[in-house]
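Chain by chain, the residues:
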Amino acid sequence: MLLLALMGGVGGESLLLVRAQAERFADLLREDFKVLFFLKEEPSESQAKLIEERLLGLPETARAVYVPREDSLAALRREDPELVDSIIWVAGNPLSPAFEARLKPSGLDRFETWLAAAGGAAAWTETRYRPAQLRAMLQARLYVHFLDLVWSALLCASAAALIAALCLGAAPPSRGSWAAVAGLAAAGTAAGMILAAAAAWPARAYLPWWGHPPLLRQLALWAGVSLPAALPFLWSGD
């Protein structure tokens, strides 16, 4: 029974840790993801406001900001001042005005539809974004959904085992045996969870997006493993 609880704690905590990293990784990519829509000429203030309202009118758009060519040049100068000086010396400011748009989390799943709709907001000359970053976000979100499915299936199996133990038991346990076996199962589960967390701890130095599983999920894991591991032994009289 102790070994069963220990294995359940290790396996469950490992799932929670992997899910937390995938979710955090997807969130960081989404926060950094942006789409740039370039214009040929500088719009007037009213035109820029109208284009911004059109972009914000799309349900998937979280933010839309007009970026004049001077602001783009200033940002480039902060990254590589020597390059900017050489460009200006030859051709002035060659950058185009643009709109920077960011999406809501729900908008990522409908990115192609949103991109097509945003294309009608103005006469864009070019649209730029990072396809590899988009694919990485969608893959990370897929992993999160898959791990949620596995997590839900394990909780359902745990609940089924608990119900079976309650319905098929021959006689209720005594108070002393309940305290001893339940305490042993709870301790085994907690030890397994700590072992899994300790094994993953060194990865914090290599993963800047490290995240911790929510406390409520960890409590659900602890209870979901401890009770099914303890009840068969209690009702069987072992």
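That block above? That's the structure.
Keep in mind that what you see is a predicted model, and the values were worked out from it rather than measured. Numbers given for residues are sequential positions, taken from 1 along each chain in its written order. Where totals are concerned, whole chains, interfaces and linings use all residues; where local detail is concerned, this predicted model gives features only for residues with pLDDT of at least 70, and gives and counts side-chain atom pairs only at 80 or more. In computing side-chain values, all of the structure's heavy atoms are included and hydrogens and water are not.

## Remarks on the overall build of the protein
Helices and strands together make up the secondary structure of the protein, namely eight helices and four strands. Strands are runs of DSSP state E lasting at least 2 residues, helices are runs of H or I lasting at least 4, and numbering of each runs from the N terminus. When its helices and strands are written in sequence order, the protein yields α-β-α-β-α-α-β-α-β-α-α-α. Only protein chains enter the accessibility calculation, which uses a 1.4 Å probe; a residue whose area is less than 20% of its type maximum is buried, one above 50% is exposed, and one in between is partly exposed. Counting every position in the protein, which comprises 238 residues, the buried fraction comes to 34%. Here the contacts in the protein between residues at least 6 apart in sequence split such that 88% fall between residues at least 24 apart. Summed over its atoms, the accessible surface of the protein is roughly 13,900 Å², and 65% of this surface lies on carbon and sulfur atoms. Should any heavy atoms of two residues lie within 4.5 Å, those residues are counted as being in contact. Calculation of accessible area relied on Shrake-Rupley with a 1.4 Å probe; when residues are assessed, cover is drawn exclusively from the protein chains displayed.

## Remarks on the side chain of Gln21
Along the chain, Gln21 turns up in helix α1 (residues 2-32). Given the relative accessible area of 10%, Gln21 is considered buried. Discounting chain neighbours no more than four positions away, the residues touching Gln21 are Trp209, Trp210 and Gly211.

## Focus on the pairing of strand β1 (residues 35-38)
For two strands to pair, DSSP has to find at least two bridges joining them. Bridge count for β1 against strand β3 (residues 98-103) is four bridges, and the pairing is antiparallel. Bridge pairing links Phe37 to Phe99 in β3.

## Re the nonpolar core
We call a set of buried Ala, Val, Leu, Ile, Met, Phe, Trp, Tyr and Cys residues a nonpolar core when their side-chain atoms join them within 4.5 Å. Val35, Phe37, Leu55, Phe99, Phe111, Trp114 and Trp124 are the most contacted members of the largest nonpolar core, which has 24 residues in total. Sorting the residues of this core by element identifies β1, α2 (45-56), β2 (61-67), β3, α5 (111-118) and α6 (131-168) as the ones contributing at least two each. When residues of this core are assigned to their parent elements, the largest contribution, four residues, is made by α5. For Val35, the residues in contact, after removing those within four places along its chain, are Phe99, Glu100, Ala101, Leu103, Phe111, Trp114, Leu115, Thr127, Arg128 and Tyr129. One finds Leu16, Met193, Leu221 and Val225 within the second-largest nonpolar core, a separate group that totals five residues.

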